[in-house]
Amino acid sequence: MGLGASLYSGISGLTVHSERMTVIGNNLANVNTTGFKGAMMQFEDLASADFATVNGVGQVGRGVRVSSIYSDWGQGAFETSTEATDMAISGEGLFVVSPLGEDMKYYTRAGNFRFDNDGYLVDPHGYVLQGWEIERSTTTVTTTTSTTTEATNSARIIGTPTNIRMENFQSEPNATTNVSIVTNLDPTAADGSTSTTNPYFAMFNNWDGSAETPLASTLYAYSTTLKVYDDIGTAHNLTVYFDPVTMSNAGGDTVWEYMVTCEPSADRRMLSGANGLMTSIGEAQTSAAGVLMVGTLTFTTGQLSGMSAYTLKSNGGANIKDLNNWDLADFSTSGFPVCTANFLGKSNASTAEATNATPIQIDFGISNKDLSSNGSGATTIGWGGGLGTVPTTAAMVGNNISNTGYLANFKDPAVSALATQSFDTGGSSTLYQSQNGYSAGILQNISVSREGVISGHYSNGQVLELYAVTLATFTNQHGLRREGGNLFTETLDSGPALTGQAGSSGKGTIDGNALEMSNVDMATEFVRMITTQRGFQANTKVITTVDSLLGEVISMKR
């Protein structure tokens, strides 16, 4: 071995320390790089050579080499941003980006994304951010012979990750399928509409859809109106009228009749008449135009305890005001009675069970938990009451005002905490009302949730979930290969990408309007720089010292 080996040990020390200074310099150069992850170089000794000693064989080291260069995957600090498309990952995971039209996938922690002129959400290189499309789940509304769907706000991802692209900057209209109305009906209110033959449908008897004012204000005690929307987003007024029924020795129960109506001119239902031909009952052409549902609300000590609901038969076009043509309403799968208006005049869409209908479920705060049939035919599915005989048509209800048991009722009524009531609070009032329809809207801005869901905010007030950002984790993230530009690619050492939504399966969460800063700590890097510098200097001393020793050897021969 001798002095020559010492020289090479010193040279190996110079080499690794100079490379370590390169790593430190690169870290410091990227101290302000978005999403940058610093690196650490570690050393190991070279294989030692055997050396004979008096105690046997010893070993002499041969120098040093680089053992590993690991990325520092520690969390970087966040800086706020005014751009909604800026995203920062808190925790594990990387964004997935892909060149447009290619299958190659890159991974990055830098979340500075922008929409390009084609609507793609891209990084500074033009690589498109990957995510799942979101399917808005639906709630099935079942009638006796058909189904329709009601959109809800719950969402789920579909398919595989794809390019996130904003192709449509308009939200499509959504037809109203659910109306919720909670009122307090004044128990001291006077009975505006009375009838000795049909006391529970007196308002309906007084309604004239062909008149300019279908129901005079003196013929009902209270009404409430809200806007609903048809399939193309046109708004219509839906008005519910309430009027108390004068009862006699009803055991403390009180009954209000109600009537769900739309504007008679907007009612475009077509029903079969006596001759089997289709008859237009709406558009203010008949006295019943605009009446969508009639029924009763029963209160026990002010609390809602029962409800009946009747809608027009499919063959009730011959005599629309005849109560024999009004059957018990169908139920949605949620247990609420449904009606329909057919605002667009579509064929086969004028009754709730029609194939093309868009039923509207009416929610006064009471639902039916038992939608089974009692064996008396399809019209009695979910219905009970009637003191053993269910009044399947409004005409069968009769004029018994001494016992509310003659009224149809839900088989298993469930009253919610927020339900229509009848307490003396100084007058009737609407406590709450809502519907789920809306008109078309223009995209105004977007937002990103902690789960990585990109939502569009539209001019119609709707917030629609569009995409869920894909996050990727790796079994060995230290095995990822740096490609420059804040990009990584997977390798055999890293293993394949494990993709998922933010906040699930060990993935971190995403903060919108934020960017992750570099995780390089300057103080730490300066300390490493000092130790690296001293290590380099020490190895130069080895070389200069060995050089002096070699000089002494050469000077031995003179």
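Our structure is the block above this text.
Analysis parameters
Residues numbered from 1 in each chain as written. Predicted model: local features only at pLDDT ≥ 70, side-chain atom pairs only at ≥ 80, totals over all residues. Heavy atoms only, no water. Helix = DSSP H or I, 4+ residues; strand = E, 2+ residues; numbered from the N terminus. Rg over C-alpha atoms; globule rule 2.2 N^0.38 Å. Areas by Shrake-Rupley, 256 points an atom, 1.4 Å probe, with all protein chains shown as cover. Lys, Arg positive; Asp, Glu negative; His and termini not counted. Charge placed at Lys NZ, Arg CZ, Asp CG, Glu CD. Patch = residues over 30% accessible without salt bridge, like charges linked within 9 Å, V, L, I, M, F, W, Y side chains within 5 Å. Salt bridge = Lys/Arg side-chain N within 4 Å of Asp/Glu carboxyl O. Phe/Tyr/Trp six-rings, centres within 6.5 Å; stacked < 30°, edge-to-face > 60°. Buried < 20%, exposed > 50% of the residue type's maximum accessible area, 1.4 Å probe, protein only. Lys NZ or Arg CZ within 6 Å of the ring centre and 35° of its normal. Pairing = 2+ DSSP bridges. Contact = heavy atoms within 4.5 Å. 1 Å grid on protein atoms, 1.4 Å probe; cavity = no way out; pocket = protein on both sides within 12 Å on 5 of 7 lines; lining within 4 Å. Points joined across faces, edges and corners; volume = space filled by probe spheres on them. Nonpolar A, V, L, I, M, F, W, Y, C, P; charged D, E, K, R; others polar.

Moving on: the overall build of the protein chain. Of regular secondary structure, the protein chain possesses three helices and 37 strands. For the protein chain, whose C-alpha radius of gyration is 39 Å, the value lies well above the compact-globule estimate of 24 Å for 558 residues. Viewed in the frame of its principal axes, the protein chain has a C-alpha envelope of about 145 × 50 × 45 Å. Taken as a whole, the protein chain presents about 25400 Å² of accessible surface, with 49% of it coming from carbon and sulfur. Here the protein chain holds 27 positive side-chain charges and 50 negative ones, and the gap between their average locations is 15 Å.

A surface patch of nonpolar side chains, about 280 Å² in accessible area, is lined by L418, L431 and Y432. Secondary-structure assignment places Y432 in strand β29 (residues 429–435).

Before going further, it helps to examine the packing of aromatic side chains. The tally for this structure, following the rule as stated, stands at 14 aromatic pairs. When the ring of F201 is compared with that of Y310, the centres are 5.8 Å apart and the planes differ by 80°; the resulting orientation is edge-to-face. Placement of the pair is F201 in the loop between β14 (178–184) and α2 (202–206) and Y310 in strand β21 (residues 303–312), with a sequence separation of 109 residues. Grouping residues by exposure puts F201 and Y310 together as buried. Positioned above the aromatic ring of F204, the side-chain terminus of K321 is 5.2 Å from the ring centre.

Another point: the sheet that holds β29. Taken in spatial order, the four strands line up as β23-β24-β14-β29 in an open sheet, and their pairing is mixed. At either end of the open sheet lies a strand with only one pairing partner, and these are β23 (338–339) and β29. With two bridges joining them, β23 and strand β24 (residues 360–363) adopt antiparallel strand pairing. Paired with V338 across the two strands is Q361, which belongs to β24.

On to the environment of A110, then. Examined against the element boundaries, A110 turns out to sit in the loop between β8 (106–108) and β9 (114–115). Between the C-alpha atoms of A110 and M517, which are 407 residues apart in sequence, the distance is 8.5 Å. If near-sequence neighbours (up to four positions away) are discounted, A110 is found in contact with T34, G35, F95 and N486.

The next thing to look at is unusual backbone geometry. Even without a glycine there, the phi angle at S505 is positive, about 55°. With respect to the element layout, S505 can be found in the loop between β35 (498–501) and β36 (509–512). Note on S505: relative accessible area 67%, which makes it exposed. Positive phi values are uncommon outside glycine, yet N513 reaches one of about 55°. Mapped onto the elements of the fold, N513 is located in the loop between β36 and β37 (514–516).

By secondary structure assignment, the location of S455 is in strand β31 (residues 453–458). Using a relative accessible area of 9% as the deciding quantity, one classes S455 as buried. Once you skip the residues sitting within four places of it in the chain, S455 turns out to touch N445, I446, S447, V463, L464, E465 and L466.

This part covers empty space enclosed by the protein. In total, this model carries two cavities of 30 Å³ or more according to the counting rule given. In this structure, the largest cavity spans a volume of roughly 130 Å³. What lines the largest cavity is a set of 13 residues, among which D230, D231, N342, F343 and T358 lie closest to the centre. Across the lining of the largest cavity, the residue classes break down as six nonpolar, four polar and three charged.

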